[in-house]
Amino acid sequence: MTSSPDISDFRASTRAWLEAHCPADMRKPMEREEDSVWAGRNAKLSTAQKQWLDAMASRGWTVPTWPTEYGGGGLSHADAKVLAQEMAALGCRPPLLSFGIWMLGPALLKFGTEAQKLEHLPKITRGEIRWCQGYSEPNAGSDLASLASRAEDRGDHFIVNGQKIWTSFGDKADWIFCLVRTDTAKKHTGISFVLFDMATPGVSTKPIQLISGKSPFCETFFDNVRVEKSNLVGSLNAGWEVAKYLLTHEREMIGAMGEGALPQSLQQIAIAAVGLDGHGRLADLQLRAQIAEFDMDEAAFHATLARFGELAKARKAHPAMSSMLKYYGAELNKRRWELIMSAAGSDALEWESDRSNYGGLARTWLRTKGNSIEGGTSEVQLNVIAKRILELPGA
Ligand SMILES: Cc1cc2nc3c(=O)[nH]c(=O)nc-3n(C[C@H](O)[C@H](O)[C@H](O)COP(=O)(O)OP(=O)(O)OC[C@H]3O[C@@H](n4cnc5c(N)ncnc54)[C@H](O)[C@@H]3O)c2cc1C
């Protein structure tokens, strides 16, 4: 396939810029948790991480397709794809991981006021503010609209009381996007979407430990938290629309989570563990067949992602397609890690030594179990697909 002269010029200048500005340390595969840059007010970044983040942010390339007035790069989807390809070719790490980029930003672009966009989006693109998501509550997960955290109207502000749960990085985030009940007489139409600083008096968090031994999320408590009305996104009691739109972006993000996340391919891990036979094929016949089947399913998933990308660009994607991507991507990633664990053998279960990078493989494998729960469980995605895409009759 040939590229237009404009695209070829853009590719050449992008490559030259990346070569000049991406520090050598930021071109190595990410192996440890500290290699991920989530930034924010309290982050401690290495010199190379900071340099790379600042360089990319100065061009708006932490979020290449957002408008330049909000700190984005203003790139077309075609140019953004070229940038991603050139970054991949040089092995550049993502400069910034962010719920602000993947979730809140798209929702603000659609539902935010101009003042909210100008206030929050540039800080997201520069990694100045790290966001967390306050959706789930102890009695509102799959049935999210049952949420009970209450925001009382006090004229120019709300007073928020209640509890959230499973707030990923709640203890590390600077601000929260949060669903609160503003009308107790209605269910879906009594919910509002608000933003507030996690340092506001009355906000507290308590980490929850997981089977992986880590505590990536928290219980989050609100005790008479003052939230200015200027931080209401969308209209009062219309937060469910904002919440659903944000979820479509979250689901796409989770669906694509497994892609490119491995420092080594599944095949490389398997070859290192079981070796090759006399014909240069993986020595374990059963594992070979399982990996071949996985590769075919993954290729089909990539084709589906590409098709979705094209449909989304043409604004023809069914809104519930994100549930398909989330469902399949999450299940595929769990399969990928089951295969990695069986390929790598009992060594991969090692948990605490330097040699295993403190159980890097085992802990990631356990973390993938959450993929089919976070952002809405696989069962819930199947319900959405049945109802909205297949239009099957309800029970
Ligand atoms: C890794 C991870 C990160 C997360 N991060 C966040 C976060 O940052 N912020 C946040 O707000 N939340 C977060 N969550 C919470 C997540 O959104 C909820 O766990 C999820 O929505 C499910 O809710 P629940 O845990 O209450 O399970 P429940 O809703 O109680 O579901 C229990 C089981 O019942 C099934 N079920 C429920 N209803 C139906 C139905 N109608 N039909 C068929 N089956 C059904 C479910 O599929 C599930 O198997 C995170 C979760 C995980 C695992």
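Structure: above.
Residues numbered from 1 in each chain as written. Predicted model: local features only at pLDDT ≥ 70, side-chain atom pairs only at ≥ 80, totals over all residues. Heavy atoms only, no water.

K.L.:
What is the right way to read the overall build of the protein from this model?
P.N.:
A count of helical and extended segments in the protein gives eleven helices and eight strands. Here the C-alpha radius of gyration of the protein, 22 Å, is about what a compact globule of 395 residues would show, namely 21 Å. Viewed in the frame of its principal axes, the protein has a C-alpha envelope of about 75 × 50 × 45 Å. Burial analysis of the protein (395 residues in total) assigns 45% to the buried set. Within the protein, contacts between residues separated by at least 24 positions form 69% of all contacts whose residues are at least 6 apart in sequence. Total accessible area on the protein is roughly 19,800 Å²; 54% of this is exposed by carbon and sulfur atoms. Each charge class in the protein can be summarised by its mean position, and for the 45 positive and 47 negative side chains these summaries are 3 Å apart. (Helix = DSSP H or I, 4+ residues; strand = E, 2+ residues; numbered from the N terminus. Rg over C-alpha atoms; globule rule 2.2 N^0.38 Å. Buried < 20%, exposed > 50% of the residue type's maximum accessible area, 1.4 Å probe, protein only. Contact = heavy atoms within 4.5 Å. Areas by Shrake-Rupley, 256 points an atom, 1.4 Å probe, with all protein chains shown as cover. Lys, Arg positive; Asp, Glu negative; His and termini not counted. Charge placed at Lys NZ, Arg CZ, Asp CG, Glu CD.)

K.L.:
How do you make sense of the site of the ligand when you look at a structure like this?
P.N.:
Of all residues adjacent to the ligand, which total 17 residues, the nearest are Ser136, Ser142, Trp166, Thr377 and Glu379. Here an oxygen atom of the ligand and a backbone polar atom of Ser136 are 2.6 Å apart. Computed on the free molecule, the ligand has an accessible area of 980 Å², of which 66% lies beneath the protein chains in the complex. Listed by contribution, the elements that provide at least two residues to the shell around the ligand are strand 3 (157-168) and helix 11 (378-389). Element by element, the count of residues in the shell around the ligand is highest for strand 3, at three residues. (Near = heavy atom within 4 Å. Polar contact = N/O pair within 3.5 Å; in protein donor to acceptor, adjacent residues only side chain to side chain.)

K.L.:
Which parts of the structure should I look at to understand the pairing of strand 7 (residues 217-228)?
P.N.:
A regular strand places its side chains on the two faces of the sheet in alternate fashion. Note: strand 3 against strand 7, nine bridges, orientation antiparallel. Its bridge partner being in strand 7, Ser168 is matched across the sheet by Phe217. For strand 6 (residues 203-208) and strand 7, the ladder comprises six bridges, and the chain directions are antiparallel. In the strand pairing of strand 7, Ser204 is matched with Phe221. (Pairing = 2+ DSSP bridges.)

K.L.:
I tried to follow unusual backbone geometry on my own but got confused; where do I start?
P.N.:
Where the residue is not glycine, phi is negative for most of them; where a peptide bond is considered, it is trans in most cases. Phi angles above zero are rare outside glycine, and Trp166 is one such case at about 60°. One can find Trp166 in strand 3. The class of Trp166 is partly exposed, set by a relative accessible area of 45%. In this model, Asn237 sits at a positive phi of 70°, which is unusual for a non-glycine residue. With respect to the secondary-structure elements, Asn237 resides in the loop between strand 8 (232-233) and helix 6 (239-255).

K.L.:
Explain the packing of helix 1 (residues 5-21) against helix 3 (residues 77-90) here, please?
P.N.:
Geometry of a packed helix pair, given as the angle between the helix axes and the separation of the axes. Following both chains from N to C, one finds helix 1 and helix 3 inclined at 40°, their axes separated by 10 Å at the closest point. Judged on the interaxial angle alone, helix 3 and helix 1 are oblique. Crossing of helix 1 over helix 3 shows right-handed handedness. Within the contact between the two elements, helix 1 uses Ile7, Phe10, Arg11, Thr14, Arg15, Leu18 and Glu19 and helix 3 uses Ala78, Asp79, Val82, Leu83, Gln85, Glu86, Met87 and Leu90. The class makeup of the residues in the contact of helix 1 with helix 3 is eight nonpolar, two polar and five charged. (Axes fitted to C-alpha atoms, helices over the stretch in contact; angles between N-to-C directions. Parallel < 35°, antiparallel > 145°, perpendicular 65-115°, else oblique. Left-handed = near helix turned anticlockwise from the far one by under 90°. Nonpolar A, V, L, I, M, F, W, Y, C, P; charged D, E, K, R; others polar.)

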